[in-house]
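Architecture and fold: a report
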Amino acid sequence: MGTVLVIGGGAAGLAAAIAAAECGDQVTILEHMDRVGKKLLATGNGRCNLMNTGARCYPGGTDLADAVLDRCGVAEQTRFWQHIGLRLRQEDGGRVYPVSAMASTVLDALRFAADALGVQTITGANVTGIFKARLGWTVMAGEHKWKAERVIVAGGGCAQPKLGSDGSAWPLLTGLGHHLTLPKPALTQIITDTAAIKGLSGIRVRTQVRITSGTQEKHAEEGELLFADYGVSGVCVMQCARYAAPGDLLHIDLVRALGFDNAESFRQELQCRRDTWRDRRQSELLTGLCVPKLALALMQAAGLEGWQRSTCGQLSGKQLDHLTQSAADFTLTIRGVKGFDSAQVTAGGICTDEFNPMTMASILAPGVHAAGEVLDVDGDCGGFNLMFAFGSGILAGLNGRDFPW
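A brief report on the enclosed structure follows.

This brings us to the overall build of the protein chain. Along its length, the protein chain carries 12 helices and 21 strands. With the principal axes as the frame, the protein chain shows a C-alpha extent of 85 × 40 × 35 Å. Evaluated residue by residue, the protein chain yields a buried proportion of 54% over its 405 residues. For the protein chain, long-range pairs separated by at least 24 residues make up 73% of all intrachain contacts whose partners lie at least 6 apart in sequence. As displayed, the protein chain has an accessible area near 17,300 Å², and 48% of this comes from carbon and sulfur atoms. Between the centroid of the 37 positive side chains of the protein chain and the centroid of its 40 negative side chains there is a distance of 4 Å.

Moving on to the environment of Thr188. Structurally, Thr188 can be placed in the loop between strand S11 (180-186) and strand S12 (190-192). Under the relative-accessibility criterion, Thr188 is labelled buried at 0%. Considering only alpha carbons, one finds Thr188 and Gln239, 51 residues apart in sequence, at a separation of 7.6 Å. Not counting the four nearest positions on each side in its chain, Thr188 is found in contact with Val237, Met238, Ala241, Val337, Lys338, Gly339, Ser342 and Ala343. Here the side chain of Thr188 touches Gln189 through a polar contact of 3.1 Å, side chain to side chain.

What follows concerns the sheet that holds strand S5 (residues 95-98). Spatially, three strands are ordered S3-S5-S4 in an open sheet, and the strand pairing comes out antiparallel. The two strands at the open ends of the sheet, each matched to only one other strand, are strand S3 (51-52) and strand S4 (88-90).

We now examine the sheet that holds strand S8 (residues 136-141). Here three strands make up an open sheet; going across it, the order is S7-S8-S9 and the pairing antiparallel. Every interior strand has two partners, whereas the edge strands, strand S7 (129-133) and strand S9 (144-148), have only one. In this sheet, neighbouring strand axes are inclined to one another by 25° on average, regardless of whether the strands run parallel or antiparallel. Strand direction decides the pairing type here: S7 and S8, joined by five bridges, are antiparallel. Residue pairing across strands places Ile130 opposite Val139, the latter belonging to S8.

Let us look at the side chain of Gln239. Mapped onto the elements, Gln239 comes out in the loop between helix H7 (235-238) and strand S16 (249-252). Gln239 sits in the buried class, given a relative accessible area of 9%. A distance of 2.9 Å separates a polar side-chain atom of Gln239 from the backbone nitrogen of Cys381. Look past the residues within four positions of Gln239 in its chain and what remains in contact with it is Leu187, His219, Glu221, Asp380 and Cys381.

In this section: the packing of helix H1 (residues 11-22) against helix H12 (residues 384-398). Close contact between H1 and H12 brings their axes to 7 Å; oriented N to C, the two are set at 30°. Here H1 runs over H12; the crossing is right-handed. Counting all contacts with H1, which are made through Ala11, Ala12, Ala15, Ala16, Ala19 and Ala20, the residues of H12 involved are Leu386, Ala389, Phe390, Gly393, Ile394, Gly397 and Leu398. Its residues placed into classes, the contact of H1 with H12 shows 11 nonpolar, two polar and no charged.

The next thing to look at is the state of the cysteines. According to the stated counting rule, one finds zero disulfides in the structure shown. A disulfide-free cysteine, Cys272 has its sulfur positioned 11 Å from the sulfur of Cys312, the nearest such atom.

With that settled, consider the layout of surface pockets. Quantified by volume, the second largest pocket comes out at close to 230 Å³. Surrounding the second largest pocket, 17 residues form its lining, Arg95, Glu222, Val235, Gln239 and Cys381 being those nearest its centre. Among the secondary structure elements, those contributing two or more residues to the lining of the second largest pocket are strand S14 (216-227) and H7. Of the residues that constitute the lining of the second largest pocket, the class distribution is six nonpolar, five polar and six charged.

Counting residues in hydrophobic clusters, the biggest one holds 81 residues, and the most contacted among them are Trp81, Leu110, Ile130 and Leu375. With sequence-adjacent residues up to four places away left out, Leu110 is seen in contact with Leu14, Ile18, Leu40, Phe80, Trp81, Ile84 and Phe390.

At Cys48, a position not held by glycine, the phi torsion is positive, near 65°. For Cys48, the position within the fold is in the loop between helix H2 (38-42) and S3. Given a relative accessible area of 0%, Cys48 falls into the buried group. The backbone of Leu187 shows a phi angle near 50°, a positive value even though the residue is not glycine. In this fold, Leu187 is placed in the loop between S11 and S12.

The next thing to look at is the packing of aromatic side chains. Tallied over the entire structure, the rule returns six aromatic pairs. Judged by centre distance (5.8 Å) and plane angle (80°), the rings of Tyr58 and Phe384 are edge-to-face. In this pair, Tyr58 sits in the loop between S3 and helix H3 (62-71) while Phe384 sits in helix H12, placing the two residues 326 residues apart along the sequence. For Phe384, a relative accessible area of 4% translates into the label buried. Seen in terms of ring centroids, Phe80 and Trp405 are 5.1 Å apart; in terms of plane orientation they differ by 65°. Their pairing is edge-to-face. Placement of Phe80 in helix H4 (residues 74-83) and of Trp405 in the segment after H12 is noted, with a sequence separation of 325 residues between them. For the pair formed by Phe80 and Trp405, the shared burial category is buried. Grouped by ring-pair contacts, the aromatic residues Phe80, Trp81, Phe390, Phe403 and Trp405 constitute a single cluster.

Here is what the cut-offs are and how they apply
Think of each chain on its own: its residues are numbered from 1, step by step along the sequence as written. pLDDT decides what is reported in this predicted model: residues at 70 or higher carry local features, side-chain atom pairs at 80 or more are listed and counted, and totals for whole chains, interfaces and linings draw on all residues regardless. Based on all heavy atoms of the structure, the side-chain values leave hydrogens and waters out of the count. Numbering of helices and strands starts at the N terminus; helices are DSSP runs of H or I of at least 4 residues and strands are runs of E of at least 2. Exposure classes here rest on a 1.4 Å probe applied to the protein chains alone. A residue is buried below 20% of its type maximum, exposed above 50%, and partly exposed in between. Note on contacts: a residue pair qualifies if any of its non-hydrogen atoms lie within 4.5 Å across the two residues. Computed with a 1.4 Å probe, the accessible areas rest on the Shrake-Rupley method; for each residue, only the protein chains presented here act as cover. Lys and Arg are tallied as positive, Asp and Glu as negative. Neither His nor the chain termini are counted. Charge placement uses NZ in Lys and CZ in Arg. For Asp and Glu, CG and CD serve respectively. Pairing of N or O atoms within 3.5 Å defines a polar contact, subject to two protein rules: one partner must be a possible hydrogen donor and the other a possible acceptor, and residues neighboring in sequence count only if both atoms are side-chain atoms. Any two strands are treated as partners once DSSP identifies two or more bridges connecting them. Each axis is a line fitted through C-alpha atoms, taken for helices only over the stretch in contact, and angles between the N-to-C directions span 0 to 180 degrees. Handedness of a crossing is defined here by the sense of rotation of the near helix relative to the far one, left-handed for an anticlockwise turn of less than a right angle and right-handed for a clockwise turn. Note that Gly is not counted as nonpolar here; it falls among the polar residues with everything else outside the nonpolar set of Ala, Val, Leu, Ile, Met, Phe, Trp, Tyr, Cys and Pro and the charged set of Asp, Glu, Lys and Arg. The definition used for a disulfide is geometric: two cysteine sulfur atoms within 2.5 Å. Here a cavity is any set of points on a 1 Å grid over the protein atoms alone where a 1.4 Å probe fits but cannot get out, and a pocket is any open set with protein on both sides within 12 Å along at least 5 of 7 lines; a residue lines the site when it has an atom within 4 Å of a point. Grid points are joined across faces, edges and corners, and a volume is the space filled by probe spheres set on the points. To define a nonpolar core, start from buried Ala, Val, Leu, Ile, Met, Phe, Trp, Tyr and Cys residues and group those joined through side-chain atoms within 4.5 Å. Pairing of aromatic side chains here covers Phe, Tyr and the six-membered ring of Trp, requires ring centres within 6.5 Å, and sorts the geometry by plane angle: under 30 degrees stacked, over 60 edge-to-face, intermediate tilted.

Structure follows, in structure tokens:
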């Protein structure tokens, strides 16, 4: 048995506290919000996507994420949830949710398990420093101080600071000699020039998006895209956000969104419509393929003039080529991304090679551990970020001991 202080009562912190307490440690959670798990309640649109059984997707901190999940992955975490009474179900794409489809159920299971194990939770504790003591460590929060043999830092990154992740955990580790990789928002919306998408706010399409910088393709994703007043959103966009920089170009394949496999088949459809609908207005050319507002945006992007008063039969082959190109590569200039208030996760954080992936123990400060988003690890949408948070938290709590479940 030992004494453990867990800084942060989010996903990683609660998992760490339960794992340590299961092994007989005396555990105290220090949480600076008025209650634990606030950010957890907002995950997965309130449904709490706990993990993913498919191929791992960690664009940030891949090596550490793989090492952690090799040790505490889907099987081990499933047993953890079963042990504390949470039943799970798997949906499309390997996404795993609680059967209740409510994040509050997950938080209740964690809180009640921690309480049953005698974990003490102190809220409103704004930790300001971790200091080496003669026997273990001293943690300071204002005029209050606590001592323990081990400290687990699970205070999160700085995504959604209103829910508790405000970056305050990083100085605790940098003060011990750890290094911080510059944090930036990830899994967030992209801000673009808006002239070409005026009036499209609220329209959703299934498509492929790409980000380029000059001749270099930086990243590509497929999925649902949502047009907005400021730019674009949707899962495929959010997974591109960590690669986006002002001045880059966002390419949207609207040919696929209109139901065609490639630009050639779309071009053939346009020619057929022109020849069949010769006396109909050009504004009707894309009827049945998309809503009128998107049709207008495509016409304008193609540089078609007089489309409201001209007929389909007046369209030249060159104009059909331009319209095809506009649909195949609808391009927007990126101005930036939404900030940490909107981001689901932080890219960047404490350098991962300074921790033992088997125990999450610091190589620089023995007896101090880190888990979750405080580290430079970020995954795609689909449960990957919570899966790493829970896995790393459990390993930090166990500190090399066998799984007790």
